[in-house]
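Structure at a glance
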Amino acid sequence: MLSNQTFKIYHTLPHDFSIQNCEQRQEPMRVLMCTPVYFDIVDVKNIYMEKREVKLDRNKAIQQWESLKTVYQNLQKNDIIEELLMIDGARGCEDMVFCANQTFPWQMPDGEKLVVMSKMRHLSRQAEVPYFEEWFLKRNYKPLQLKVATMFEGMGDVIPHPGKRLLYGGYGQRSDRSAYTELTSILNVPVIALKLVNPNFYHLDTCFVPLTEHAVMLCEQAFTAEGMAMIRRCFEQVYLIPEEEAVKTFCLNAHVIPHSDNNKNTAIIQLGSKYALAALIQCGYHVYEIETSEFMKSGGSVFCMKMMVY
Ligand code: ARG
């Protein structure tokens, strides 16, 4: 048993830490999306929303969201994902369409389904969380609340190592470091805590994309030297994506879907990246390039417009 690596939050890795010792994990294969009817930009929650002169085209946004939905429908037809699920966007919740942020769903080794509810940094986003709690309750998840942390933004900041019971947790902008002390004990899984130091990368899902058990693509400028050292211990291959490409194209918000049948490995990414696209292709991914420009105005792209659920 590997119990010495559970219940742990890491800020540096001990010499005896090894990915091989982390328990295996099955990837969730269902996709949840949130309808975009009330999507809007009403205030500034991140650096991308500061460009007030850039107006949102709501019709275009809805078309772009529909195109992403069509991609997932095709993936379902081809057995690449199991099912596409929907939650209705709520009036007054202009950011609810970014449904990677309100929760962190997790399955225990015995099959029990848990969901950690987020504590959104912005007041206007806090109203989104109860809608998700209700949705997960209906699907037999057990909701869990963090007691100490004041900020935690779910899958926006927590990304699992492919195929392993190991989490990477970004903190410093939208989630508190203390959230991971709680997460590691309530989910019984080790967490590698990564401080996010660059406002261009305010969630972990804007700068860090695990590609396989052995490879990751990321933007080095988002992390501290200690963070990079931990990441390099966990992945043999690190594809470095230039900051300019990551900011311009949101390519590090790609949705990568590793499949048990390697021929079905699929990724969805905003159009226009060069380095990230090359990394995906080199790792054997079939890539869908789509347009998410209207959502990028709000600071999000593919990865945050969906949630992977069990
Ligand atoms: N406007 C939203 C916010 O600032 C965008 C969230 C994007 N989500 C993400 N996981 N990057 O909260």
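Fair warning: this is a prediction, and the values are worked out from it, not measured in the lab.

What follows deals with the site of the ligand. In the neighbourhood of the ligand, 17 residues make up the surrounding shell, with N46, R125, R174, D205 and S298 lying closest. Contact between the ligand and N101: a nitrogen atom at 2.9 Å from a side-chain N or O atom of the residue. Here a nitrogen atom of the ligand sits 2.8 Å away from a polar atom, N or O, in the main chain of S298. Against a free-state accessible area of 350 Å², the protein chains account for coverage of 100% of the ligand. Of all the cavities here, the one that holds the ligand is the second largest cavity. Class assignment of the residues belonging to the shell around the ligand gives a composition of four nonpolar, eight polar and five charged.

What follows is about the side chain of R165. Positionally, R165 belongs in the loop between strand 7 (158–160) and strand 8 (167–171). One buried charge, R165, has no salt-bridge partner; the nearest side chain with opposite charge is E23, at 4.9 Å.

Judged by pairing direction, the sheet is mixed, and its three strands sit side by side in the order 4-5-6 without closing on themselves. Two strands bound the open sheet, and with one partner strand each, they are strand 4 (103–107) and strand 6 (142–144). On average, each strand axis in the sheet is tilted by 25 degrees relative to the strand beside it, whichever way the strands run. Across three bridges, the pairing between strand 5 (residues 113–117) and strand 6 is parallel. From the neighbouring strand, V116 faces strand 6, where its bridge partner is L144. Sheet contacts for helix 3 (residues 129–138): strand 4, strand 5 and strand 6; angle to strand 5, the most-contacted strand, approximately 175 degrees.

Within the element layout of this structure, E112 appears in the loop between strand 4 and strand 5. Distance in space between the C-alpha atoms of E112 and Y141 is 7.7 Å, their sequence separation being 29 residues.

Taken residue by residue, helix 3 has V129, F132, W135 and F136 as its buried positions. Summarising the axial view, the buried residues of helix 3 lie within an arc of 120 degrees, below the 170-degree limit, and thus occupy one face. Check the buried side of helix 3 and you find it contacts strand 2 (30–34), strand 3 (83–87), strand 4, strand 5, helix 2 (123–126) and strand 16 (307–309).

Here the focus is helix 1 (residues 58–77). Taking 1.5 Å per residue as the helical rise, helix 1 with its 20 residues ought to reach 28 Å, and the 29 Å between its terminal C-alpha atoms agrees with that figure. Taken together, the buried positions of helix 1 are occupied by A61, Q64, W65, L68, V71, Y72 and L75. Along helix 1, the residues classed as buried sweep out an arc of 110 degrees about the axis, all on the same side. In helix 1, the exposed positions angled more than 90 degrees off the buried face are occupied by N59, Q63 and K77. The distance from a side-chain oxygen at the start of helix 1 to the backbone nitrogen of N59 is 3.3 Å, and the residue carrying that oxygen is D57. Following helix 1 by one or two positions, D79 adopts a phi angle in the positive range, close to 60 degrees.

This part takes up the packing of aromatic side chains. Following the criterion strictly, the structure yields 14 aromatic pairs and no others. Ring geometry for F39 against F295: centres 4.6 Å apart, planes inclined by 20 degrees, an arrangement best described as stacked. In this pair, F39 is assigned in the loop between strand 2 and helix 1 and F295 in helix 8 (residues 293–296), connecting sequence segments 256 residues apart. Residue classification places F39 among the buried positions, given a relative accessible area of 3%. What makes F295 buried here is its relative accessible area of 0%. Here the aromatic rings of F104 and W106 are separated by 5.8 Å at their centres, their planes lie at 25 degrees, and the arrangement is stacked. Residue F104 is classed as buried on the basis of its relative accessible area of 0%. Of the aromatic side chains, those joined through ring pairs into one cluster are Y168, F208, F223 and F235. Over the ring of F303 we find K306, and its NZ or CZ is 3.5 Å from the ring centre.

A word on the side chain of E245. As for its position among the elements, E245 is in helix 6 (residues 243–249). With no salt bridge to any partner, buried E245 finds its closest opposite charge in K274, at an N-O distance of 6.7 Å. For E245, the residues in contact, after removing those within four places along its chain, are F250, C251, S273, K274, Y275 and A276.

Criteria and thresholds
- Residues numbered from 1 in each chain as written.
- Predicted model: local features only at pLDDT ≥ 70, side-chain atom pairs only at ≥ 80, totals over all residues.
- Heavy atoms only, no water.
- Near = heavy atom within 4 Å.
- Polar contact = N/O pair within 3.5 Å; in protein donor to acceptor, adjacent residues only side chain to side chain.
- Areas by Shrake-Rupley, 256 points an atom, 1.4 Å probe, with all protein chains shown as cover.
- 1 Å grid on protein atoms, 1.4 Å probe; cavity = no way out; pocket = protein on both sides within 12 Å on 5 of 7 lines; lining within 4 Å.
- Sits in = over half its atoms within 2 Å of the grid points.
- Nonpolar A, V, L, I, M, F, W, Y, C, P; charged D, E, K, R; others polar.
- Helix = DSSP H or I, 4+ residues; strand = E, 2+ residues; numbered from the N terminus.
- Buried < 20%, exposed > 50% of the residue type's maximum accessible area, 1.4 Å probe, protein only.
- Lys, Arg positive; Asp, Glu negative; His and termini not counted.
- Salt bridge = Lys/Arg side-chain N within 4 Å of Asp/Glu carboxyl O.
- Pairing = 2+ DSSP bridges.
- Axes fitted to C-alpha atoms, helices over the stretch in contact; angles between N-to-C directions.
- Contact = heavy atoms within 4.5 Å.
- Arc of directions from axis to C-beta.
- Expected span 1.5 Å × (residues − 1).
- Phe/Tyr/Trp six-rings, centres within 6.5 Å; stacked < 30°, edge-to-face > 60°.
- Lys NZ or Arg CZ within 6 Å of the ring centre and 35° of its normal.

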